Amino acid sequence: MIHSYAIDASSLPLTPENVLHEMGYGKVEPKAEVATLIASMLEEVKALAAPSCTFLVEKGKMCNDTVVLNNGAQFGVGKILGSLLTGSESFALFTATAGEDFQQFQKSFSPQDDILCCFIADVIGTLLVEAVGDRMEFFLKQQIHPLKHTHRFSPGYCGWPLTEQKNLFAQMGGNPCGIRLSDVCLMTPEKSISGLIGIGPQVNEKVYGCRYCNLETCYKRKKRK
């Protein structure tokens, strides 16, 4: 059974402080006009965006570096994620997206005309879809209680080939949350995430891939420094 949820963007914990931190300000105070612009854009996004998420839980097991579902589907996640998913007895396949309305909002800014707004919109979109992913995990936790679950892992990271997006989307009906895949497995709307989560009584809830993965350019690594 696929569980789908429409999310109220205004209910998500997105603040101007979050955006400033993600932009790299840290302890540096932004100019007043920058702070005002961020607050204004964030409020506009909260009013117009229609994010959503969905997940599907399937029984399965880890066979070496491969997730094998009971329905026969397989995902070659590689050694890193294989070790992090050890102990999983079920897997949640998921997608989450900032939505088409946000995509149009982001496209309304041209890098040639206003690079600052483009940057801010990109940062807001990243924070927005990650917050939707967090909300998805909250719903998942309610469904699987009292079982534990791992962090969420996505194709394209830690050695899991991006091309496995096709298999993932096929298992979820083709276009979960209205997300479309290109020929090279990129998602539209762009601010979307997909992947799987391990579930079981013995999975490690706290271990994250950054301590195992050597991809220094990963935004998740930078986020957790």
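In short, a report on the structure. Predicted, not measured: the structure shown is a model, and the values here were computed from it.

Examining helix α2 (residues 32-48)
Move 1: End to end, α2 covers 25 Å across 17 residues, agreeing with the expected 24 Å (1.5 Å per residue, within 8%).
Move 2: Those residues of α2 that fall on the buried side of the exposure criterion are Val-34, Ile-38, Met-41, Leu-42, Val-45 and Lys-46. Seen end-on, α2 carries its buried residues on one side only, within an arc spanning 135°. Those residues of α2 that are exposed and aimed more than 90 degrees away from the buried face are Ala-32, Glu-33, Thr-36 and Ala-47.

Concerning helix α1 (residues 16-23)
Each turn of an α-helix holds 3.6 residues, which means side chains three or four residues apart point in the same direction.
Move 1: Among all positions in α1, only Val-19, Leu-20 and Met-23 are buried. Along α1, the residues classed as buried sweep out an arc of 100° about the axis, all on the same side. Exposed side chains of α1 directed beyond 90 degrees from the buried face belong to Glu-17 and His-21.
Move 2: Looking at the buried residues of α1, the elements they touch are α2 and α5 (115-144).
Move 3: At the exit of α1 stands Gly-24, carrying a positive phi of roughly 100°.

A few points about the nonpolar core
Side chains of a nonpolar character, in soluble globular proteins, are inclined to be buried together.
Move 1: If you look at the biggest cluster of nonpolar residues, it comprises 40 residues, and the most contacted ones within it are Val-19, Met-41, Phe-102, Ile-124 and Leu-128.
Move 2: Those elements that place two or more of their residues in this core are α1, α2, β2 (52-63), β5 (90-97), α4 (100-107), α5 and β9 (192-200).
Move 3: When residues of this core are assigned to their parent elements, the largest contribution, 15 residues, is made by α5.

Here we look at unusual backbone geometry
Move 1: For the bond from His-145 to Pro-146, the omega torsion is 15°, close enough to zero to count as cis.
Move 2: In the segment running from Thr-188 into Pro-189, the intervening peptide bond is cis, with an omega of 0°.
Move 3: We note that Asn-64 has phi near 60°; this positive angle belongs to a residue other than glycine.
Move 4: Structurally, Asn-64 is set in the loop between β2 and β3 (66-69).
Move 5: For Asn-64, a relative accessible area of 72% corresponds to the exposed category.
Move 6: Residue Cys-177 is not a glycine yet carries a positive backbone phi of 60°.
Move 7: For Cys-177, the location among the structural elements is in the loop between α6 (165-171) and β7 (180-181).
Move 8: The partly exposed category is assigned to Cys-177, whose relative accessible area is 26%.

Concerning the side chain of Ser-154
Move 1: Among the secondary structure elements, Ser-154 is positioned in the loop between β6 (148-153) and α6.
Move 2: Of the residues examined, Ser-154 reaches a relative accessible area of 13% and is grouped as buried.
Move 3: Of note is the side chain of Ser-154, whose polar atom sits 2.6 Å from the backbone oxygen of Ser-194.
Move 4: Not counting residues within four places of it along the chain, the set of residues in contact with Ser-154 comprises Phe-94, Trp-160, Ser-194 and Gly-195.

A closer look at the packing of α1 against α5
When two helices pack together, their arrangement is captured by the angle between the axes and the distance separating the axes.
Move 1: For the pair α1 and α5, the least separation of the axes is 10 Å and the interaxial angle reads 110°. By the criterion of interaxial angle, the relationship of α1 to α5 is roughly perpendicular. Two secondary-structure elements touch here, α1 through Asn-18, Val-19, Glu-22 and Met-23 and α5 through Leu-116, Phe-119, Ile-120, Val-123, Ile-124 and Leu-127.
Move 2: Looking at side-chain class alone, the contact of α1 with α5 contains eight nonpolar, one polar and one charged residues.

Some thoughts on the pattern of salt bridges
Move 1: Following the criterion strictly, the structure yields five salt bridges and no others.
Move 2: Of the charged contacts, one joins Lys-191 and Asp-122 as a salt bridge, the two residues approaching to 2.9 Å between their closest N and O atoms. Of this pair, Lys-191 sits in the loop between β8 (187-188) and β9 while Asp-122 sits in helix α5, and the two are 69 residues apart along the sequence.
Move 3: For Asp-122, a relative accessible area of 30% puts it in the partly exposed group.

Notes on the packing of aromatic side chains
Move 1: Across all of its chains, the model carries six aromatic pairs by this definition.
Move 2: With 5.2 Å between their ring centres and 85° between their planes, Phe-105 and Phe-109 make a pair best called edge-to-face.
Move 3: What makes Phe-105 buried here is its relative accessible area of 6%.

Conventions used here
Residues numbered from 1 in each chain as written. Predicted model: local features only at pLDDT ≥ 70, side-chain atom pairs only at ≥ 80, totals over all residues. Heavy atoms only, no water. Helix = DSSP H or I, 4+ residues; strand = E, 2+ residues; numbered from the N terminus. Expected span 1.5 Å × (residues − 1). Buried < 20%, exposed > 50% of the residue type's maximum accessible area, 1.4 Å probe, protein only. Arc of directions from axis to C-beta. Contact = heavy atoms within 4.5 Å. Core = buried A, V, L, I, M, F, W, Y, C linked by side-chain atoms within 4.5 Å. Polar contact = N/O pair within 3.5 Å; in protein donor to acceptor, adjacent residues only side chain to side chain. Axes fitted to C-alpha atoms, helices over the stretch in contact; angles between N-to-C directions. Parallel < 35°, antiparallel > 145°, perpendicular 65-115°, else oblique. Nonpolar A, V, L, I, M, F, W, Y, C, P; charged D, E, K, R; others polar. Salt bridge = Lys/Arg side-chain N within 4 Å of Asp/Glu carboxyl O. Phe/Tyr/Trp six-rings, centres within 6.5 Å; stacked < 30°, edge-to-face > 60°.

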